[in-house]
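# Close look at the chain arrangement
Residue strings, one per chain:
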Amino acid sequence: LFTCFFMLKDGPSMTRRAAAALPLRPVAGERWFAETGHMLRRYIVGLTALGAFNAVVVGTGAAILRLPLIGSIMVVTLLGNYVPYLGAFFAGAFAVLIALSTGGVDTALWMLLIVVLANGSMQTALTPFAYGAALNISPLTTLLVTIVGGLIAGALGVALAAPVAAIIAHTVRRTTEPVTIHRD
C-alpha cells in the first residue's frame, strides 16, 4: 500500500527520471514506459479474467455441492490466481476444507475434482489465449515462453515469462521500426 501510494503520487516524475536514464530521447523513453505500462495493465486484466473464470467454475461447483461460504470460496479463488501455483493450491485447499467440514469426505473429493479441473486443465488450456490476447503475442509464444521461464526460474519464471516476452517483443518492434522524419 505504501509503494502504491508513492507510485500514484510520483509516477509521472519517476517515469521522466527513468526515461532520461534510457539511451533514448526523453520523449521516446517516456512513450516506451507508457506503452509498457499499458501492456502490463492488459496482462493484469487477462490474469483477472482467468481468476474470475476459475472463481465462477469453483463457485458453481460449490453451489452444486450445496456448500456454505460460496462467496468466500469465490473471492479466495479469484485472489489466489494472482499468486502463481501457491495461490491456486491454498485457494483449492480452502474450498476442499470447507467441503470436508460441511459435507464429509465424499463432498470434499468432489470439490477436489472441481478445483483440479478448474485450476489445472481448464486454466492451462485458456491461459495462452488470455495472455496472448492481453499481451499481443501469439498463444503458442505464450505457452513456449512460460515453459522456458519455468525451467529457468521456477514459479517466478512462469509468472513473469509472458509479460517479459511481450515487453521484449515490443521493444524490438519499437527499435527496429523505420524512423520517419517530418519536415515542416
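What comes next is a walk through the structure. (Residues numbered from 1 in each chain as written. Predicted model: local features only at pLDDT ≥ 70, side-chain atom pairs only at ≥ 80, totals over all residues. Heavy atoms only, no water.)

Let us now look at the side chain of T77. Following the sequence through the fold, T77 ends up in helix α3 (residues 70-80). For T77, the contacting residues outside a window of four places in its chain are N54, A55, V58 and A91. (Helix = DSSP H or I, 4+ residues; strand = E, 2+ residues; numbered from the N terminus. Contact = heavy atoms within 4.5 Å.)

Attention shifts here to the nonpolar core. V58, L67, I73, A95 and M111 are the most contacted members of the largest nonpolar core, which totals 13 residues. Ranked by residues supplied to this core, first place goes to helix α4 (residues 86-135) with 9 residues. If we skip the residues at most four places from it in the chain, A95 touches V58, L67, I73, M111 and V115. The next biggest cluster of nonpolar side chains, apart from the first, holds 11 residues, and it includes W32, L50, Y131 and A166. (Core = buried A, V, L, I, M, F, W, Y, C linked by side-chain atoms within 4.5 Å. Buried < 20%, exposed > 50% of the residue type's maximum accessible area, 1.4 Å probe, protein only.)

One way to put it is that α3 packs onto α4 with a least axis distance of 8 Å and a crossing angle of 165 degrees. One finds that α3 runs roughly antiparallel with respect to α4. Like other packed secondary-structure pairs, α3 and α4 cross with a definite hand, here left-handed. Here S72, I73, V76, T77 and G80 of α3 lie close against α4, whose contacting residues are G87, A88, A91, F94, A95 and I98. (Axes fitted to C-alpha atoms, helices over the stretch in contact; angles between N-to-C directions. Parallel < 35°, antiparallel > 145°, perpendicular 65-115°, else oblique. Left-handed = near helix turned anticlockwise from the far one by under 90°.)

Looking now at the environment of A125. Locating A125 in the fold gives a position in helix α4. Accessibility expressed as a relative area gives 44% for A125, which makes it partly exposed. Sequence separation between A125 and R41 is 84 residues, and the spatial gap between their C-alpha atoms is 22 Å.

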